[in-house]
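# A look at the structure
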Amino acid sequence: MPNERLRAALAAGGWTYATLADKVEVDPKSVERWVNLGRTPRRATAVAAAETLGEDVHALWPALRQARPARAVSPELVALYDQRADLPVSAIVEMLKQAREQVDLLVYAAVFLHEAYPSLNELLRERAAEGCAVRIAVGDPDSENVRQRGEEERFGHGIESRCRLALMHYRPLVGVPGVEVRTHATTLYNSIYRADDEALINAHVWGVNAYGAPVWHLRRSGKGGMFDTYAASFDAVWETATPVREG
């Protein structure tokens, strides 16, 4: 099936198969196949082409959003996403909606959750009202580790601001029965989004923003597996974290 979105983007920018191919260093016939046959290029090439055209890569090639089926290396590994940007926020929301006992969020900021799903606080209130223990740990914007992460991910001081913004988003939940909000100053090796026995783990890669780093979807299958490793890590961070007070 032809890629009409790509065809329109080329036409709008005055690009030909040859000029785009030259820009992203592929054969013009490859670009022709992307348009006329709906072929999907390699991810790095797709990203370069989308940036050149000023388009969203997933709008041009929606197939790049799909998770890769996980190999049976671990029975707990459900799916692997090349980068967090490939993971629809709806997948996180649906996982949280299914929680009946426990919700754990360990991040520095992750303001994309509230930006993409403004009703997140209402969802967490609802889960707590239904008996879930909800624990939210966001980065302490004044900590050295947060500042260092900003440098490593080339965010500069923006990450401190995003931590403050995240805290502002979650502050209305402070004092809600069943919900605890804390700030932590640890080195964040992975962001963790847990709902009962399911978890999404966003790795952090030096020099890469979190949205460009991999995510693995885990489902607990027994004691001592990958899931328990990350659950224990969350608990260890939680013990060092500072409760956010009302007011």
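Placed above this text is the structure.
All of these numbers come straight from a predicted model, not from anything done at the bench.

Summing up its helical and strand segments, the protein chain has 11 helices and nine strands in all. For the protein chain, the C-alpha atoms occupy an extent of roughly 60 × 40 × 30 Å along the three principal directions. Looking at the protein chain as a whole, 47% of its 247 residues qualify as buried. Pairs at least 24 residues apart make up 65% of the contacts formed inside the protein chain by residues separated by at least 6 positions. Once the 29 positive and 33 negative side-chain charges of the protein chain are each reduced to a mean point, those two points are 3 Å apart.

Along the chain, the position of Gln 148 falls in helix α9 (residues 144-152). Expressed as a C-alpha distance, the spacing of Gln 148 and Thr 187, which sit 39 residues apart in the sequence, is 9.0 Å.

Per the stated rule, a full pass over the model turns up three aromatic pairs. Aromatic side chains Trp 34 and Trp 61 sit 5.8 Å apart centroid to centroid with 85 degrees between the ring planes, which places their arrangement in the edge-to-face category. Separated by 27 residues along the polypeptide, Trp 34 in helix α3 (residues 28-36) and Trp 61 in the loop between α5 (57-60) and β1 (68-69) bring together distant segments of the chain. Pair check on accessibility: Trp 34 and Trp 61 agree, each one buried. Above the face of the Phe 112 ring, Arg 84 is positioned so that its terminal group lies 3.8 Å from the ring centre. One residue, Arg 135, lies across the ring of Trp 238, its end atom 5.5 Å from the ring centre.

Let's shift gears to the layout of surface pockets. Approximately 270 Å³ is the volume found for the largest pocket. The wall of the largest pocket is formed by 20 residues, among which Arg 84, Ala 110, Arg 162, Asn 209 and Ala 210 lie closest to the centre. Its residues assigned to classes, the lining of the largest pocket comprises 12 nonpolar, four polar and four charged. Size it by volume and the second largest pocket reaches roughly 200 Å³. As for the second largest pocket, its lining consists of Arg 43, Val 47, Ala 50, Glu 51, Glu 55, Asp 56, Val 57, Gln 83, Ala 85, Tyr 211 and Gly 212. No other element matches the four residues that helix α4 (residues 43-53) contributes to the lining of the second largest pocket. Residues belonging to the lining of the second largest pocket are distributed by class as follows: five nonpolar, two polar and four charged.

Let's shift gears to the nonpolar core. Ranked by size, the top nonpolar core spans 57 residues in total, and within it Leu 124, Ile 136, Tyr 170, Val 181 and Tyr 193 carry the most contacts. Of the residues forming this core, the biggest block, six residues, is contributed by helix α11 (residues 226-240).

Moving on to the packing of helix α2 (residues 17-24) against α3. Contact geometry for α2 and α3: axes closest at 8 Å, N-to-C directions at 115 degrees. Considering the relative orientation of α2 and α3, their crossing is right-handed. Where α2 approaches α3, its residues Tyr 17, Ala 18, Leu 20, Ala 21 and Val 24 are matched on the opposing element by Pro 28, Val 31, Glu 32, Trp 34, Val 35 and Asn 36.

Rules behind the numbers
Residues numbered from 1 in each chain as written. Predicted model: local features only at pLDDT ≥ 70, side-chain atom pairs only at ≥ 80, totals over all residues. Heavy atoms only, no water. Helix = DSSP H or I, 4+ residues; strand = E, 2+ residues; numbered from the N terminus. Buried < 20%, exposed > 50% of the residue type's maximum accessible area, 1.4 Å probe, protein only. Contact = heavy atoms within 4.5 Å. Lys, Arg positive; Asp, Glu negative; His and termini not counted. Charge placed at Lys NZ, Arg CZ, Asp CG, Glu CD. Phe/Tyr/Trp six-rings, centres within 6.5 Å; stacked < 30°, edge-to-face > 60°. Lys NZ or Arg CZ within 6 Å of the ring centre and 35° of its normal. 1 Å grid on protein atoms, 1.4 Å probe; cavity = no way out; pocket = protein on both sides within 12 Å on 5 of 7 lines; lining within 4 Å. Points joined across faces, edges and corners; volume = space filled by probe spheres on them. Nonpolar A, V, L, I, M, F, W, Y, C, P; charged D, E, K, R; others polar. Core = buried A, V, L, I, M, F, W, Y, C linked by side-chain atoms within 4.5 Å. Axes fitted to C-alpha atoms, helices over the stretch in contact; angles between N-to-C directions. Left-handed = near helix turned anticlockwise from the far one by under 90°.

From the geometry alone we can't say anything about function, so treat these as descriptive.
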